[in-house]
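A look at the structure
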Amino acid sequence: MSALLAVEHLSVAYGRVEAVSDVSLSVAPGEIVTVIGANGAGKSTLLNAAMGLLPARGRVVFDGSDIGSVEAEDRVALGLCLVAEKRELFGAMTVEDNLILGAFRTGRSLAAETLAEVFARFPRLRERRAQLAGTLSGGERQMLAMGRALMSRPRLLMLDEPSLGLAPKVVADIFAIIRDLRATGVAILLVEQNARAALNAADRAYVMELGRIGLEGPASELASDPRIAESYLGLGG
């Protein structure tokens, strides 16, 4: 199957420090792909560059077209969307208003239809639709960030550390939602430090170390690789 997203020989530098070096990866339509690795490996930088938020060398190809010169907001219109690690919500606005902002590229009738779909997927957001986003719990804020991204009706959703700071029960709920999204045809590129949860959810995986891809392959195979078990799953020794 041809790739929906192809990152080709991507490099990103902060001054003289190269945070991402010659990274290539791909995501097919309807596929969950995860990038795991230690903190500081360059995972978030990779997503931000793919979204057009950081200057980079190399190519980012979406649905067969090079989008290197396309602005981030126009990448959203093409169907590429990023849920950032910090979630970037408007705390002084209601849950519903945050969601509606995510549909800035769609018409009013389609936005209303998508809002109903998001509320069906996240019943807790429906219950809190009039509540200020800044008063939500960590899990609710992550759900809102994901729901707002879905309001743009993405074809590929990039998630940066969706489990960060969440209780285990909430993490399980978030990953169940990620798997459900794949069933609707949305492709997922997932950056995650929780390697166990990420590998259980993903079809394929890349392991990033010091800005480079060290290993790649089917997620189930990497989950049983002794190097991954020792370094990321706590099964060494």
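Conventions used here
- Numbering of residues starts from 1 in each chain and follows the order in which that chain's sequence is written.
- Where totals are concerned, whole chains, interfaces and linings use all residues; where local detail is concerned, this predicted model gives features only for residues with pLDDT of at least 70, and gives and counts side-chain atom pairs only at 80 or more.
- The side-chain values count all of the structure's non-hydrogen atoms but skip hydrogen atoms and water molecules.
- Under the scheme used here, helices are H or I runs from DSSP no shorter than 4 residues and strands are E runs no shorter than 2 residues, and both carry numbers assigned from the N terminus.
- For the radius of gyration, the atoms used are the C-alpha atoms, and the globule rule reads 2.2 Å times the number of residues raised to 0.38.
- Burial status follows relative accessibility: with a 1.4 Å probe on protein chains alone, a residue under 20% of its type maximum counts as buried, one over 50% as exposed, and anything between as partly exposed.
- Whether two residues are in contact is decided by their heavy atoms: any pair within 4.5 Å suffices.
- Per-residue and other accessible areas were derived by the Shrake-Rupley procedure at a 1.4 Å probe size, with only the shown protein chains allowed to occlude residues.
- The convention is simple: Lys and Arg are positive, Asp and Glu are negative, and His and the chain ends are not counted.
- To locate a charge, take atom NZ for lysine, CZ for arginine, CG for aspartate or CD for glutamate.
- The pairing criterion is simple: DSSP has to find at least two bridges between the two strands.
- Angular values range over 0 to 180 degrees, each being the angle between N-to-C directions of two axes fitted as lines to C-alpha atoms, with helices fitted over their stretch in contact.
- The working definition used for a salt bridge is a side-chain nitrogen of Lys or Arg within 4 Å of a carboxyl oxygen of Asp or Glu.

1. Quick notes on the overall build of the protein
A count of helices and strands for the protein gives ten helices and ten strands. Rg of the C-alpha trace for the protein: 17 Å, near the compact-globule value of 18 Å for 237 residues, within the 12% margin. With respect to the three principal axes, the spread of C-alpha positions in the protein is 50 × 45 × 35 Å. When each of the 237 residues of the protein is scored for burial, the buried share is 49%. Within the protein, residue pairs in contact and separated by at least 24 positions form 68% of the contacts whose partners lie at least 6 positions apart. Within the structure as shown, the protein displays about 11000 Å² of accessible surface, and the carbon and sulfur contribution to it stands at 51%. Put simply, the protein has 25 plus and 28 minus side-chain charges, and the middle of one group is 4 Å from the middle of the other.

2. Some words on the sheet that holds strand β2 (residues 17-27)
The strand order across the open sheet built from four strands is β2-β1-β4-β5, with neighbouring strands paired in antiparallel fashion. Looking at strand neighbours, the two that pair on one side only are β2 and β5 (65-66), the edges of this open sheet. The pairing of strand β1 (residues 5-14) with β2 spans seven bridges and is classified as antiparallel. Looking at β2, one finds that Leu-5 is bridged to Val-27. Sitting on the sheet, helix α1 (residues 43-50) touches β1, β2 and β4 (57-62), and the angle it makes with β1 is about 115 degrees.

3. So, the pattern of salt bridges
It is possible for side chains of opposite charge to pair when their charged atoms get near one another. Following the criterion strictly, the structure yields 13 salt bridges and no others. Note that Glu-8 and Arg-59 form a salt bridge whose closest N and O atoms lie 2.9 Å from each other. Here Arg-59 lies in strand β4 and Glu-8 lies in strand β1, a separation of 51 residues in the sequence. The exposure class of Arg-59 is partly exposed, given its relative accessible area of 38%. Among the ionic pairs, Arg-57 bridges to Glu-18, the shortest N-O distance being 2.6 Å. Highlighted residues: Arg-57 in strand β4 and Glu-18 in strand β2, separated in sequence by 39 residues. Here the residues in one salt-bridge network are Glu-8, Arg-59 and Asp-66, joined through shared partners.

4. Re the environment of Thr-34
Note that Thr-34 resides in strand β3 (residues 32-36). Aside from chain neighbours lying at most four places away, what touches Thr-34 is Leu-190, Glu-192, Ala-198, Leu-199, Ala-202, Arg-204, Ala-205 and Tyr-206.

5. Let's talk about the sheet that holds β3
Strand order in the open sheet formed by six strands is β6-β7-β8-β3-β9-β10, and the pairing between neighbours is mixed. Strands at the two margins of the open sheet, each flanked by one partner only, are β6 (80-83) and β10 (212-218). Each adjacent strand pair in this sheet contributes to an overall mean axis angle of 15 degrees, direction not counted. In this sheet, strand β7 (residues 156-160) lies alongside β6 in parallel orientation, the contact comprising four bridges. Each bridged residue has a counterpart across the sheet, and for Cys-81 the counterpart in β7 is Leu-157. The sheet contacts of helix α6 (residues 138-150) involve β6 and β7, and relative to β6 the element is tilted by about 170 degrees.

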